[in-house]
Amino acid sequence: MKHRIMNKFIKTLLTALITSTITLNTCLGEEIKKIDLDDAIELSLSNNLDLQAARIDVVLAKNNIKSANRLKNPDVNLFYNFGNAGKSEPQQIGVSETLEIAKRAPRKNLAKSNLYKKEIEVKLSEFTLEMDVRETYADLVGAKTIMGCLLEQKELLNELLNIAQNKYSSNKISQTDVIQAQIALNQLETKINAAKTGVTTARNNFNKTLNLKETSNIIYDTKEDNLPDETVFISLKTPDLNRPIPPFEKIANRALEKRLDIAASKQEIDIAKKNATIIERQRIPDIEISGGYSYLPQSHSDTGRIEPGAFAAAGINNIPVFYTYKPEIQNAKLQVQQAQIKYESAKNKALKDLNSAYDRFSTSRTNLLFYKQKLIKDSEELIKISKKNYYAGKTDLTSVIVMQQSYQDIVTGYINALTDYYTDWIDFLREVNNEDFDLFEENL
């Protein structure tokens, strides 16, 4: 459906809002740069500062695998006997090494499990960022659309004011109509100022979400200046408005299949189990072996020569006699239980969050349909008739202004409903963790 509010105000927006904003920011040394959603997402995924920091966690986790698989460094030992004890005992120099028994593999497995969790978390951060960019992009376009509609209403009130002034000049009406039209125009001006602030705030939120480190003062803006009245927008296919959406119970299980936060919570159980294995393996003693070169100095040898030789030794370290690691083992088992409880909690909360997102989207969809099917079309026709009747002297200015203000509220409400429809669908996809989710796909 193509409405007058969607076809006329773009030129007004560009001349009255965008141009003035660009001029102001240029004076401040800032550049407004228009960008479409796909480029915004790509730019943010490549340069977002928070995401860059999160990706470093993956590199750190990979390095931790190498660290977990390390061998203990050897020790160099020197034994030199002094005094009478050294007259018959050899001098020694050698190397000792502690061999860990059944400990390196569990450490490495734990590090791998942590790496997998970090990779899940980065994927979740990427998906969340993409949804945030989509949402703030839609909010900014919505704010600009409301601004454009108010500027269009200003044109309408200016026309009414001109008609009233012409009628007053011809002594057809009293000066009251002129004053009334001027008051209505002044009231609208305050709303326009608030809308300008809304656009600025939405643009700042959009740039905050992008979170880019720029060498120059660039402010990114949306390519679109108005919300399209269609089911495909911001590279996102919304559900068909002409089809009833299925009840929540039919999509709940399928909707939770790809939630990355649940996968991350489940991975915590695996991490806790692997950590428990490491703790239990602390009970296993380590073996220390040593060996090296030994000799009797010439002055201490019966033969009068240096008597060379070698030595070897072995020992068992950390025998669990006095301390058996029982507190650590108990804590490790409790941590496994704790991780399992948190996993169940994450699933329960995810289902509730998903249900709330579904309800919000269902409500915004209902509101949008109501605006499209009843309010917008009838109100648009009424405002045309009212303006024509006032020009012809068939109605008074008060009725026209009341009708104009009602129409203005309806148009603003429609734009808000359209914005909510897009953002609530984005929120639903955020809870599903799948931007290609199809509400009408048959549940397997």
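Right above here is the structure, for reference.
Residues numbered from 1 in each chain as written. Predicted model: local features only at pLDDT ≥ 70, side-chain atom pairs only at ≥ 80, totals over all residues. Heavy atoms only, no water.

Engineer: Give me the overall build of the protein: which residues, what numbers.
Structural biologist: Of the regular secondary structure elements, the protein holds ten helices and eight strands. The burial tally for the protein puts 41% of its 444 residues in the buried class. Taking all contacts inside the protein whose residues are at least 6 apart in sequence as the whole, residues at least 24 apart take part in 83%. Surface exposure of the protein reaches about 24500 Å², of which carbon and sulfur atoms provide 52%. (Helix = DSSP H or I, 4+ residues; strand = E, 2+ residues; numbered from the N terminus. Buried < 20%, exposed > 50% of the residue type's maximum accessible area, 1.4 Å probe, protein only. Contact = heavy atoms within 4.5 Å. Areas by Shrake-Rupley, 256 points an atom, 1.4 Å probe, with all protein chains shown as cover.)

Engineer: Explain the packing of aromatic side chains to me, and be specific about the residues and the numbers.
Structural biologist: Here the structure, examined in full by the defined rule, presents eleven aromatic pairs. For the ring pair Y137 and F206, a centre distance of 5.6 Å and an interplane angle of 75 degrees mean the geometry is edge-to-face. Here Y137 is found in helix 5 (residues 104-169), whereas its partner F206 is found in helix 6 (residues 175-210), with 69 residues between them in sequence. With relative accessibility at 0%, the residue Y137 sits in the buried group. Residue class for F206 comes out buried when judged on its relative accessible area of 0%. Aromatic pair F361 and W425: ring centres 4.9 Å apart, planes at 45 degrees, arrangement tilted. Taken together, the positions of F361 in helix 9 (residues 326-391) and W425 in helix 10 (residues 397-432) put the pair 64 residues apart, joining distant regions of the chain. For the pair shown, F361 and W425 are each scored as buried. Clustering of aromatic rings is evident, with ring pairs tying together F248, Y358, F361, Y421, Y422, W425, F428 and F437. Directly above the ring of F440 sits R243, whose terminal nitrogen or CZ lies 4.0 Å from the centroid. (Phe/Tyr/Trp six-rings, centres within 6.5 Å; stacked < 30°, edge-to-face > 60°. Lys NZ or Arg CZ within 6 Å of the ring centre and 35° of its normal.)

Engineer: Can you break down the pattern of salt bridges residue by residue, with the values?
Structural biologist: Here the structure, examined in full by the defined rule, presents 20 salt bridges. E121 is the salt-bridge partner of K118, the closest N and O atoms lying 3.7 Å from each other. Of this pair, K118 and E121 are both found in helix 5, three residues apart, which corresponds to roughly one turn of the helix. For E121, a relative accessible area of 27% corresponds to the partly exposed category. (Salt bridge = Lys/Arg side-chain N within 4 Å of Asp/Glu carboxyl O.)

Engineer: Please give an account of the sheet that holds strand 2 (residues 75-79) that cites residues and values.
Structural biologist: Sheet strands line up and pair through hydrogen bonds in the backbone, either parallel or antiparallel. Strand order in this open sheet of four strands is 2-3-7-8, and the pairing throughout is antiparallel. In this open sheet, the two strands that pair with only one neighbour each are strand 2 and strand 8 (307-317). The average undirected angle you get between the axes of adjacent strands in this sheet is 20 degrees. Strand direction decides the pairing type here: strand 3 (residues 91-99) and strand 7 (residues 286-296), joined by nine bridges, are antiparallel. Within the sheet, the bridge partner assigned to G94 lies in strand 7 and is G292. (Pairing = 2+ DSSP bridges. Axes fitted to C-alpha atoms, helices over the stretch in contact; angles between N-to-C directions.)

Engineer: If you had to explain helix 3 (residues 37-47) to someone new, which residues and values would you point to?
Structural biologist: Among the residues making up helix 3, those that are buried are L37, A40, I41 and S44. The buried residues of helix 3 occupy an angular sector of 95 degrees when projected down its axis, which confines them to one face. Turning to helix 3, the residues buried within the fold contact strand 1 (31-35), helix 4 (49-68), helix 5 and helix 6. (Arc of directions from axis to C-beta.)

Engineer: Lay out the environment of I269 with the relevant residues and their values.
Structural biologist: You can see I269 is positioned in helix 8 (residues 260-281). Separated by 73 residues in sequence, I269 and K342 place their C-alpha atoms 8.9 Å apart.

Engineer: Go over the nonpolar core, please, and point to the residues and values.
Structural biologist: In terms of nonpolar packing, the biggest core is built from 84 residues, with V133, F206, F428, F437 and L439 touching the most fellow members. Elements represented by at least two residues in this core include exactly helix 3, helix 5, helix 6, strand 4 (218-222), helix 7 (248-255), helix 8, helix 9 and helix 10. With sequence-adjacent residues up to four places away left out, F437 is seen in contact with I251, R254, A255, W425, F428, L429 and V432. Judged by nonpolar contacts, the second largest core, of eight residues, contains V58, A61, A68 and L115. (Core = buried A, V, L, I, M, F, W, Y, C linked by side-chain atoms within 4.5 Å.)

Engineer: Residue-level account of the environment of A164, with values.
Structural biologist: Within the element layout of this structure, A164 appears in helix 5. Judged by its relative accessible area of 0%, A164 falls in the buried class. Taking the C-alpha atoms as reference, A164 lies 9.1 Å from I179; in sequence the two are 15 residues apart.

Engineer: A description of unusual backbone geometry should follow, citing residues and the corresponding values.
Structural biologist: A positive phi is found at A102, a non-glycine position, where the angle reads about 60 degrees. You can see A102 is positioned in the loop between strand 3 and helix 5. For A102, a relative accessible area of 34% gives the class partly exposed. One non-glycine residue, N211, lies in positive phi territory at about 50 degrees. Structurally, N211 is set in the loop between helix 6 and strand 4.

Engineer: Describe the side chain of D225, and please don't skip the residues or the numbers.
Structural biologist: Considering the arrangement of structural elements, one finds D225 in the loop between strand 4 and strand 5 (232-233). Among the polar contacts made by the side chain of D225, one reaches the side chain of K34 at a distance of 2.8 Å. (Polar contact = N/O pair within 3.5 Å; in protein donor to acceptor, adjacent residues only side chain to side chain.)

Engineer: Please set out the packing of helix 4 against helix 5 residue by residue, giving values where relevant.
Structural biologist: One way to put it is that helix 4 packs onto helix 5 with a least axis distance of 8 Å and a crossing angle of 170 degrees. The pairing of helix 4 with helix 5 is recorded here as roughly antiparallel in orientation. On helix 5, the residues that touch L51, A54, R55, D57, V58, A61, K62, N64, I65 and A68 of helix 4 are R104, R107, K108, A111, K112, L115, K118, E119, V122, S125, E126 and L129. Residue composition of the contact of helix 4 with helix 5, by class: ten nonpolar, two polar and ten charged. (Parallel < 35°, antiparallel > 145°, perpendicular 65-115°, else oblique. Nonpolar A, V, L, I, M, F, W, Y, C, P; charged D, E, K, R; others polar.)

Engineer: Tell me what's going on with the packing of helix 3 against helix 5, and back it up with residues and numbers.
Structural biologist: Close contact between helix 3 and helix 5 brings their axes to 10 Å; oriented N to C, the two are set at 140 degrees. Taken together, the axis directions place helix 3 and helix 5 in an arrangement best described as oblique. The way helix 3 lies across helix 5 gives a crossing that is right-handed. Residues L37, A40, I41, S44 and L45 of helix 3 form the contact with helix 5, whose own contacting residues are E126, L129, E130, V133, R134 and Y137. Looking at the contact of helix 3 with helix 5, its residues break down into seven nonpolar, one polar and three charged. (Left-handed = near helix turned anticlockwise from the far one by under 90°.)

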